[in-house]
Amino acid sequence: QVQLVESGGGLVQAGGSLRLSCAASGRIFRINAMGWYRQAPGKQRELVADITSGGSTDYADSVKGRFTISRDNAKNTVDLQMNSLNPEDTAVYYCNAHVIKYFLGSPYVYWGQGTQVTVSS
């Protein structure tokens, strides 16, 4: 089985910063894309940022210039540095990974349990 464990959420004032981390463990041959999603109360889960194994990144327009995603392929980790936070960033943040468990296997998508980020005004 594969597990994703997130850490780093919390309460911060507007304009502040937080860093989220996610570590994947278990039966892993390779991880393709990894990413962060978020879900605010009453809203659908949305992509925040993702990163390929080669380091190519994609960001939601609402976080461009403020958030930075990075990963360590050797450690199977992905981080999200969040700067200039505002109350609209308040949500539960979920880590996501496209994991290949065996040689020539197909990728499956795994999710973390979520970590709460609350930004006060």
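Now for a look at the structure at hand. (Residues numbered from 1 in each chain as written. Predicted model: local features only at pLDDT ≥ 70, side-chain atom pairs only at ≥ 80, totals over all residues. Heavy atoms only, no water.)

### A few points about the overall build of the chain
Tallying secondary structure elements over the chain gives 0 helices and 11 strands in all. Traced from its N-terminal end to its C-terminal end, the chain shows the element sequence β-β-β-β-β-β-β-β-β-β-β. The C-alpha radius of gyration computed for the chain amounts to 14 Å, which stays within 12% of the reference 14 Å derived for 121 residues, consistent with globular compactness. Out of the 121 residues in the chain, the part that is buried amounts to 39%. Charged side chains in the chain number 11 positive and 9 negative. The centres of these two groups are separated by 7 Å. (Helix = DSSP H or I, 4+ residues; strand = E, 2+ residues; numbered from the N terminus. Rg over C-alpha atoms; globule rule 2.2 N^0.38 Å. Buried < 20%, exposed > 50% of the residue type's maximum accessible area, 1.4 Å probe, protein only. Lys, Arg positive; Asp, Glu negative; His and termini not counted. Charge placed at Lys NZ, Arg CZ, Asp CG, Glu CD.)

### Some points on the pairing of strand β7 (residues 67–72)
Only one face of β7 is buried, namely the one carrying F67, I69 and R71, since none of T68, S70 and D72 on the opposite face is buried. In this structure, β7 lies alongside strand β8 (residues 77–82), joined through 6 bridges in antiparallel fashion. Along β8, the bridge assignment pairs I69 with L80. What sits between β7 and β8 in their antiparallel hairpin is a turn of 4 residues, with N76 showing a positive phi close to 55 degrees. (Pairing = 2+ DSSP bridges.)

### Quick look at the state of the cysteines
Where two cysteines share a covalent bond between their sulfur atoms, that bond is called a disulfide. Applying the stated criterion to the full structure yields 1 disulfide. Each disulfide pairs two cysteine sulfurs, and for C22 the partner residue is C95, the sulfurs being separated by 2.0 Å. Looking along the S-S bond of the C22-C95 disulfide, the torsion reads about -80 degrees, which is the left-handed sense. With C22 in strand β3 (residues 18–26) and C95 in strand β9 (residues 91–100), the pair connects residues that are 73 residues apart, well separated along the chain. Note on accessibility: C22 and C95 belong to one class, buried. (Disulfide = S-S within 2.5 Å.)

### Looking at the pattern of salt bridges
Throughout the structure, instances matching the rule amount to 5 salt bridges. In this structure, the salt-bridge partner of R38 is E46, at a minimum N-O distance of 2.8 Å. A relative accessible area of 6% means that R38 is categorised as buried. Residue classification places E46 among the partly exposed residues on the basis of a relative accessible area of 36%. Three or more residues joined by partner-sharing salt bridges are found here, namely R38, E46, R66 and D89. (Salt bridge = Lys/Arg side-chain N within 4 Å of Asp/Glu carboxyl O.)

### A word on the side chain of N96
Position of N96 relative to the elements: it lies in strand β9. Residue classification places N96 among the buried positions, given a relative accessible area of 3%. Look past the residues within four positions of N96 in its chain and what remains in contact with it is L4, A33, M34, G35, Y37, V109, Y110 and W111. (Contact = heavy atoms within 4.5 Å.)

### Describing the packing of aromatic side chains
Scanning the entire structure with this criterion turns up 2 aromatic pairs. Arranged with centres 5.9 Å apart and planes meeting at 70 degrees, the rings of F29 and F103 form a pair that is edge-to-face. Taken together, the residues span a long stretch of sequence, with F29 in the loop between β3 and β4 (30–39) and F103 in the loop between β9 and β10 (107–111) at a distance of 74 residues. Pairing Y37 with W111 gives two aromatic rings, centres 5.0 Å apart and planes at 70 degrees, and the pair type is edge-to-face. Of this pair, Y37 sits in strand β4 while W111 sits in strand β10, and the two are 74 residues apart along the sequence. Its relative accessible area of 22% is what places Y37 among the partly exposed residues. The class of W111 is partly exposed, set by a relative accessible area of 37%. Lying over the aromatic face of W111, R45 brings its terminal NZ or CZ to 4.7 Å of the ring centre. (Phe/Tyr/Trp six-rings, centres within 6.5 Å; stacked < 30°, edge-to-face > 60°. Lys NZ or Arg CZ within 6 Å of the ring centre and 35° of its normal.)

Note that all results are geometric; they support no functional claim without further evidence.
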